[in-house]
Amino acid sequence: MTALLTGLVDDAGLFPPTALPPAEAVARHRRDRAAGHPMHTLRLLVPVGRLAEVRAELRPADRLRLGLIADTAGPGAPADRLRAALATVAADNRLETALIEAPLTAFGTDPAVAVPAVLDATAGAGVPVFLEPAAPDGVDALLAAMGTAAVPGLGAKLRCGGVRAGLFPSPAEVAHFVTACARSGVPFKATAGLHHAVRHRDPGTGFTHHGYLNLLLAAARAAADPGEPAPVLRALETTDAATLARDLAALSQQAADAARALLVSYGSCSTRTPVSEARTLLDAA
């Protein structure tokens, strides 16, 4: 299980539903860095439009690795804002850009146009870039545009939820996204909605959330056979924690490595819950 869980969780504390104020987000991230739990990537996900707020909370001794996320919040074109943010991070010895995430909708409606625009804005950054289609079913057009670009270090980004029910893709949509990436040999990151380990219905909102262990198992099955979507779909639909933990624990080292080569990480607004739930479920497996 170490190979499956190490470096799985990006810190998305600035994002809903937790939406920590920058001072609290930076303070929590600082504590997580000091603790160094192996499930944490120790990357803080920061929208370009909030970079100044985060920098204002830093101490001289801080050393933070950022996942910079392109956005449309603020003046100027998203591409120019992203370039400026990359330059700001590069000039600040307390910060390092570890990866970049970009919603294609900020750069155009057509992936054939948006993908080159993102690549132009991130040229020379020297870090992985993950591109998010407008909806999960846009993955095929995204992958086609990425293939045409033929640039190494590109990945896809899967949005698994949000503040509205319509932002939660169905298991079939997620299965298609995961298998499409596996067939193309394109890694992906996930974001939003993966607050807990196992698929469940939130009693407060009524939203049915995907579980991060479900997604891990789906990635393992897609990596093993991307032409067979049924096992991937079953992994995503499973709501039994014991079954998930047992199936994950039974994976070989090779299968676990392949799963994580496909699923790079996911952003969680809580950095404590994924760790505590993994410990509880896997201890019982």
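Draft legend 1. Up close: the overall build of the chain. Within the chain one finds 12 helices and 10 strands. Expected size for 285 residues packed as a compact globule is a radius of gyration near 19 Å; at 18 Å, the chain falls within 12% of this value. For the chain, the C-alpha atoms occupy an extent of roughly 50 × 40 × 35 Å along the three principal directions. Within the chain, the proportion of its 285 residues that are buried is 50%. Counting only contacts in the chain whose residues sit at least 6 apart along the sequence, the fraction spanning at least 24 positions is 73%. Averaging the locations of the 26 positively and 27 negatively charged side chains of the chain gives two centres separated by 5 Å.

Draft legend 2. Broad picture of the pairing of strand β7 (residues 188-191). Burial of β7 is two-sided: the residues Phe-188 and Ala-190 facing one way and the residues Lys-189 and Thr-191 facing the other way are all buried. Bridge count between strand β6 (residues 154-159) and β7: four bridges; the pairing is parallel. Opposite Arg-159, over in β7, you have Thr-191 as the bridge partner. Taking the sense of rotation as the criterion, the β-α-β connection linking β6, helix α7 (residues 171-184) and β7 turns out right-handed. As judged from the three bridges shared by β7 and strand β10 (residues 263-268), these two strands associate in the parallel manner. Bridge assignment links Thr-191 to a residue of β10, and that residue is Gly-267.

Draft legend 3. Spatial organisation of the side chain of His-209. Along the chain, His-209 turns up in strand β9 (residues 208-209). A polar contact is formed between the side chain of His-209 and the backbone oxygen of Gly-193, at a distance of 2.7 Å.

Draft legend 4. Here's a closer look at the sheet that holds strand β3 (residues 64-69). The eight strands lie next to each other as β1-β2-β3-β4-β5-β6-β7-β10, forming a closed barrel whose pairing is parallel. Across the sheet, the mean angle from the axis of one strand to that of its neighbour is 30 degrees, orientation sign disregarded. Strand contacts of α7: β6 and β7, with the helix running at about 170 degrees to β6, the strand carrying the most contacts.

Draft legend 5. Looking closely at the pattern of salt bridges. Under the defined criterion, the tally for this structure stands at 16 salt bridges. Between Glu-132 and Arg-159 there is a salt bridge, with its nearest N and O atoms 2.7 Å apart. With a gap of 27 residues between them, Glu-132 in strand β5 (residues 129-132) and Arg-159 in strand β6 connect regions that are remote in the sequence. A relative accessible area of 8% places Glu-132 in the buried class. One network of salt bridges, in which partners are shared, links Asp-10, Arg-43, Glu-101, Glu-132, Lys-157, Arg-159 and Lys-189.

Draft legend 6. Representation of the nonpolar core within the structure. By size, the foremost hydrophobic cluster in this structure holds 82 residues, and its most contacted members are Leu-66, Phe-107, Leu-131, Phe-188, Leu-213 and Leu-215. In this view, Phe-188 contacts Phe-130, Ala-156, Leu-158, Phe-177, Val-178, Cys-181, Leu-215, Leu-262, Leu-263, Val-264 and Ser-265; residues no more than four positions away in its chain are not counted.

Draft legend 7. Spotlight on the environment of Val-9. Within the secondary structure layout, Val-9 lies in strand β1 (residues 9-11). Take Val-9: its relative accessible area is 1%, and that puts it in the buried class. When sequence neighbours within four positions are dropped, the list of residues in contact with Val-9 reads Met-39, His-40, Thr-41, Tyr-266, Ser-268 and Pro-274.

Draft legend 8. Local environment of the packing of α7 against helix α9 (residues 229-237). Packing of α7 against α9 leaves a shortest axis separation of 9 Å and a crossing angle of 130 degrees. Between α7 and α9, the angle falls in the class oblique. Two packed elements cross with a definite hand, and for α7 against α9 that hand is right-handed. Across the interface between the two elements, Pro-171, Ala-172, Val-174, Ala-175 and Thr-179 from α7 touch Pro-229, Val-232, Leu-233, Leu-236 and Glu-237 from α9. Residues belonging to the contact of α7 with α9 are distributed by class as follows: eight nonpolar, one polar and one charged.

Draft legend 9. Main features of the pairing of β5. Side chains Val-129 and Leu-131 project from β5 onto one buried face, and the interleaved Phe-130 and Glu-132 project onto a second face that is buried too. Relative to β5, strand β4 (residues 95-103) is paired through four bridges, and the arrangement is parallel. Note on β5: the bridge partner recorded for Glu-101 is Phe-130. As for the winding sense of the linkage, the β-α-β connection from β4 through helix α5 (residues 111-121) to β5 is right-handed. Across three bridges, β5 lies against β6 in parallel orientation. In the sheet register, Leu-131 faces β6, and the bridge partner there is Ala-156. You can see the chain leave β5, run along helix α6 (residues 139-149) and come back into β6, and the turn it takes is right-handed.

About the criteria used
- Residues numbered from 1 in each chain as written.
- Predicted model: local features only at pLDDT ≥ 70, side-chain atom pairs only at ≥ 80, totals over all residues.
- Heavy atoms only, no water.
- Helix = DSSP H or I, 4+ residues; strand = E, 2+ residues; numbered from the N terminus.
- Rg over C-alpha atoms; globule rule 2.2 N^0.38 Å.
- Buried < 20%, exposed > 50% of the residue type's maximum accessible area, 1.4 Å probe, protein only.
- Contact = heavy atoms within 4.5 Å.
- Lys, Arg positive; Asp, Glu negative; His and termini not counted.
- Charge placed at Lys NZ, Arg CZ, Asp CG, Glu CD.
- Pairing = 2+ DSSP bridges.
- Right-handed = clockwise from strand over helix to strand, strands pointing away.
- Polar contact = N/O pair within 3.5 Å; in protein donor to acceptor, adjacent residues only side chain to side chain.
- Axes fitted to C-alpha atoms, helices over the stretch in contact; angles between N-to-C directions.
- Salt bridge = Lys/Arg side-chain N within 4 Å of Asp/Glu carboxyl O.
- Core = buried A, V, L, I, M, F, W, Y, C linked by side-chain atoms within 4.5 Å.
- Parallel < 35°, antiparallel > 145°, perpendicular 65-115°, else oblique.
- Left-handed = near helix turned anticlockwise from the far one by under 90°.
- Nonpolar A, V, L, I, M, F, W, Y, C, P; charged D, E, K, R; others polar.

From the geometry alone we can't say anything about function, so treat these as descriptive.
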